[in-house]
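Close look at the chain arrangement
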Number of protein chains: 2
Amino acid sequence: MIKKPVLLACAVALAALPLYAQEGKPEYPSPPEIVAKAKAEEWVAIAPADLLVMDLAPDAKGRARRVVIQLMPAPFSQGWVGNIRKLAAAKWWDGTSINRVQDNYVVQWGDATEKKALPEGLAVVPESEYISKVDHVLIGTGPTIHEPDIRLVQTSDRYAAGSGFTAGWAVAFDRGHGRFSKRDLAKNPQSDISAAWPVHCYGMVGVGRNLSPDTGSGAELYTVIGHAPRHLDRNIALVGRVIEGIEYLSSLPRGTGPLGFYDKEEERVPIASIRLASEMPPAADLKFEYLSTESESFAAYADARANRRDAFFNVPAGGADICNIPVPVRRKAE
Amino acid sequence: MIKKPVLLACAVALAALPLYAQEGKPEYPSPPEIVAKAKAEEWVAIAPADLLVMDLAPDAKGRARRVVIQLMPAPFSQGWVGNIRKLAAAKWWDGTSINRVQDNYVVQWGDATEKKALPEGLAVVPESEYISKVDHVLIGTGPTIHEPDIRLVQTSDRYAAGSGFTAGWAVAFDRGHGRFSKRDLAKNPQSDISAAWPVHCYGMVGVGRNLSPDTGSGAELYTVIGHAPRHLDRNIALVGRVIEGIEYLSSLPRGTGPLGFYDKEEERVPIASIRLASEMPPAADLKFEYLSTESESFAAYADARANRRDAFFNVPAGGADICNIPVPVRRKAE
């Protein structure tokens, strides 16, 4: 018995295979097809000052390992983001290392000696900054409500009254004071969203800290390399997301010490440098853009992520976890 | 400025730190503490015939790499599970390889040549087997309803009418014919659950296939190494989960070909053997057990996963994604 090639299809692969069209069935574009057809004006350039570039020491075969992180915009986490810009300008991370790789959880980096002096002038950011006031347009999928300032907010988030997208980022939110139930949200569609916060999706970058009331300076950072640990939302500051090179972090050997810390000094992965793209020469070729989450193409993309109808799929899900709708980011064509 | 040790805490670490007790605050056990205190009779032994043992070729430093998979019990996916037992008995996978590692998605293995003859007598399993009839007790967290055969079913699953646990596994479900809304579910708590299916959480193992109506034989397998791709639920057969050694898969270099397939033959990771534990010598030391999802300790554990109150956390989430409540599995003490 000879078996044909057996593939587990994903978004990227079958984009070019409109297999059903020839059988007279409607042809549904896949999420990547929708993104590929987005208009030029639906893409938003990422400012060089919002790009943090981490160069690890070359790997065992001498190959470069560059990780690019997009920092969060206002109103989110700007105290920590400001500290991170100062730390990068001071070249503080050069010579530090990746010290922790915990499977299905996080990769963490910083000063393993815990003795390196921090630059002057870093802010001490209060816990209240874990959440922000937001009144942007939000887009989500799934059970929805409509109201003046909000388009298509999803209200079946397990970790919040609702979740959606604003200015290129996934956020969750409550209303008024404290936590509102989904029923409250449906009954009072005109009430303001008073508290929103970024969510711990795959690739998001956050700030390590000690026990409360410590909130961390931004010198100790981690990124998510597993299923979204959303229970960390509102408990730790999120400051950005990896937009290129996460495989250099997610494929590192797992640490065998407690919490996935590397047991031995020689296991740590040296960080050659961390810089803002705005402080690097233009030749570094660091121009990126994201698909506006307020664009029509993003709405179509989010709907397609929630209702896969391309050739591989038999049953569209009818909904999608906010962390299963990653905001498309790409290198900007010159 | 000298910085104290900065840790991103997780379930495992702070289990031993009842920091609040001395300040007179109530002391809440963490999820691992609850699991550690579960009674011996709340654990269920996993039968050796349900354990699939994959030995990869040793790594570059000569270290062994063993991955242990627990196969799903009836009524789920038994056609494919039967095929997998036959393939293991025939030593069919010996000399095959891991051929695909796609970041935040899957690791996939099987016969890269696509020419190896399959053993006689494998079942051709119909697509209707992607779902099963289930009437077990289910346990979940979050907004709940109560009914005769179901305890604490969560009804805010993004991909189904609800989700919960049965006989040690996370499942999602609909009711009656087709998809029921959450409102239907709340209105008709006595109606039967007629369709349930396993969910694509981190570490779940599934069956690669071609386009419908192909459902795959079980010879081509994959495991999830990223955020749960729940849109695959009901579209591909799930047959088990990795219970030990997933780090040998999740930390492999990512493939640079389409879909994360390895571009070059020499990048593939050889599989030395795949065997059922029931066909290996007792000295192989392969005794595992899982925490019964019908036990009181599991209910307490699931609640604690959804409402973290241990020292590191400021804000309990009030809910948890079904894939953020992994069923505890451990090696059985002799």
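Residues numbered from 1 in each chain as written. Chains lettered and ligands numbered in written order. Predicted model: local features only at pLDDT ≥ 70, side-chain atom pairs only at ≥ 80, totals over all residues. Heavy atoms only, no water.

Let us now look at the overall build of chain A. When you go through chain A residue by residue, the secondary structure sums to five helices and 16 strands. Counting across all 334 residues of chain A, residues that qualify as buried make up 57%. Put simply, of all contacts in chain A between residues at least 6 apart along the chain, 70% involve residues at least 24 apart. When the accessible surface of chain A is summed, it comes to about 13,500 Å², and 55% of that surface belongs to carbon and sulfur atoms. (Helix = DSSP H or I, 4+ residues; strand = E, 2+ residues; numbered from the N terminus. Buried < 20%, exposed > 50% of the residue type's maximum accessible area, 1.4 Å probe, protein only. Contact = heavy atoms within 4.5 Å. Areas by Shrake-Rupley, 256 points an atom, 1.4 Å probe, with all protein chains shown as cover.)

Before going further, it helps to examine the sheet that holds strand S11 (residues 204-207) of chain B. Residues and elements named next belong to chain B. Pairing in this closed barrel of eight strands is antiparallel, and the strands run S2-S3-S13-S11-S12-S5-S4-S14 around the ring. Ignoring strand direction, the axes of neighbouring strands in this sheet form an average angle of 35°. The sheet contact formed by strand S3 (residues 65-71) and strand S13 (residues 238-244) spans four bridges and is antiparallel. Along S13, the bridge assignment pairs Ile69 with Val242. The strands touched by helix H2 (residues 78-89) are strand S2 (51-56), S3, S11, strand S12 (221-224), S13 and strand S14 (269-276); relative to S14, the strand with the most contacts, the crossing angle is about 105°. (Pairing = 2+ DSSP bridges. Axes fitted to C-alpha atoms, helices over the stretch in contact; angles between N-to-C directions.)

Turning our eyes to something else, we now look at unusual backbone geometry. Of note, the bond from Ser212 of chain A into Pro213 of chain A is cis; its omega dihedral lies within 30 degrees of zero at 10°. When you line up the elements, Pro213 of chain A lands in the loop between strand S11 (204-207) and strand S12 (221-224). In the segment running from Ala74 of chain B into Pro75 of chain B, the intervening peptide bond is cis, with an omega of 10°. Along the polypeptide, Pro75 of chain B turns up in the loop between S3 and H2. You will see that Ser77 of chain A, though not glycine, has its phi angle at about 55°, which is positive. If you trace the backbone, Ser77 of chain A turns up in the loop between strand S3 (65-71) and helix H2 (78-89). Of the residues examined, Ser77 of chain A reaches a relative accessible area of 4% and is grouped as buried. One non-glycine residue, Arg234 of chain B, lies in the positive phi region at around 70°. Structurally, Arg234 of chain B can be placed in the loop between S12 and S13.

All names here are of chain B. Counted under the stated rule, the structure contains 22 salt bridges over all chains. The residue Asp233 makes a salt bridge to Arg230 at a minimum N-O spacing of 2.6 Å. The class of Asp233 is buried, set by a relative accessible area of 5%. Residue Arg230 is classed as buried on the basis of its relative accessible area of 4%. (Salt bridge = Lys/Arg side-chain N within 4 Å of Asp/Glu carboxyl O.)

Next up on the list: the pairing of strand S14 (residues 269-276) of chain A. As a general feature of sheets, a regular strand has side chains that alternate between the two faces. All names here are of chain A. Within S14, six of the eight residues are buried, which leaves it mostly tucked inside the rest of the structure. Bridge count between strand S2 (residues 51-56) and S14: five bridges; the pairing is antiparallel. When the bridges of S14 are listed, Met54 appears paired with Ile274. Here strand S4 (residues 97-102) pairs with S14 via two bridges, running antiparallel.

Residue and element names in this part refer to chain A. Per the counting criterion, the structure on display carries two disulfides over all chains. The disulfide that involves Cys201 links it to Cys323, with 2.1 Å between the sulfurs. Across the S-S bond linking Cys201 and Cys323, the dihedral sits near -75°, which makes this disulfide left-handed. Of the two residues, Cys201 is situated in the loop between strand S10 (193-198) and S11 and Cys323 in the loop between helix H5 (296-306) and strand S16 (329-331); the sequence distance between them amounts to 122 residues. (Disulfide = S-S within 2.5 Å.)

Residue and element names in this part refer to chain A. Helix length check: H2 (twelve residues) gives 16 Å between terminal C-alpha atoms against 16 Å at 1.5 Å per residue, within 8%. Here the buried face of H2 lies against S2, S3, S11, S12, strand S13 (238-244) and S14. Positioned one or two residues after H2, Lys91 has a phi angle of 55°, which is positive. (Expected span 1.5 Å × (residues − 1).)

Attention now goes to the domain arrangement of chain A. Residues and elements named next belong to chain A. Domain parsing of chain A yields domain 1 (27-41 + 136-191 + 294-329) and domain 2 (47-112 + 204-287). Each side of the interface is counted separately: domain 1 has 13 residues, and domain 2 has 13 residues. When domain 1 packs against domain 2, the two sides together hide about 1,100 Å² of surface, and 64% of this comes from carbon and sulfur. A per-residue breakdown of the area domain 1 buries against domain 2 is headed by Tyr159, Trp169 and Val329, which together make up 59% of the total. The tally of links from domain 1 across to domain 2 stands at zero salt bridges. Between domain 1 and domain 2 we count one residue pair in polar contact (both at pLDDT 80 or more) in total. At four residues, strand S9 (residues 169-175) tops the list of elements feeding residues into the side of domain 1 that touches domain 2. (Domains from an automatic or database assignment. Buried area = accessible area lost by both parts, 1.4 Å probe. Polar contact = N/O pair within 3.5 Å; in protein donor to acceptor, adjacent residues only side chain to side chain.)

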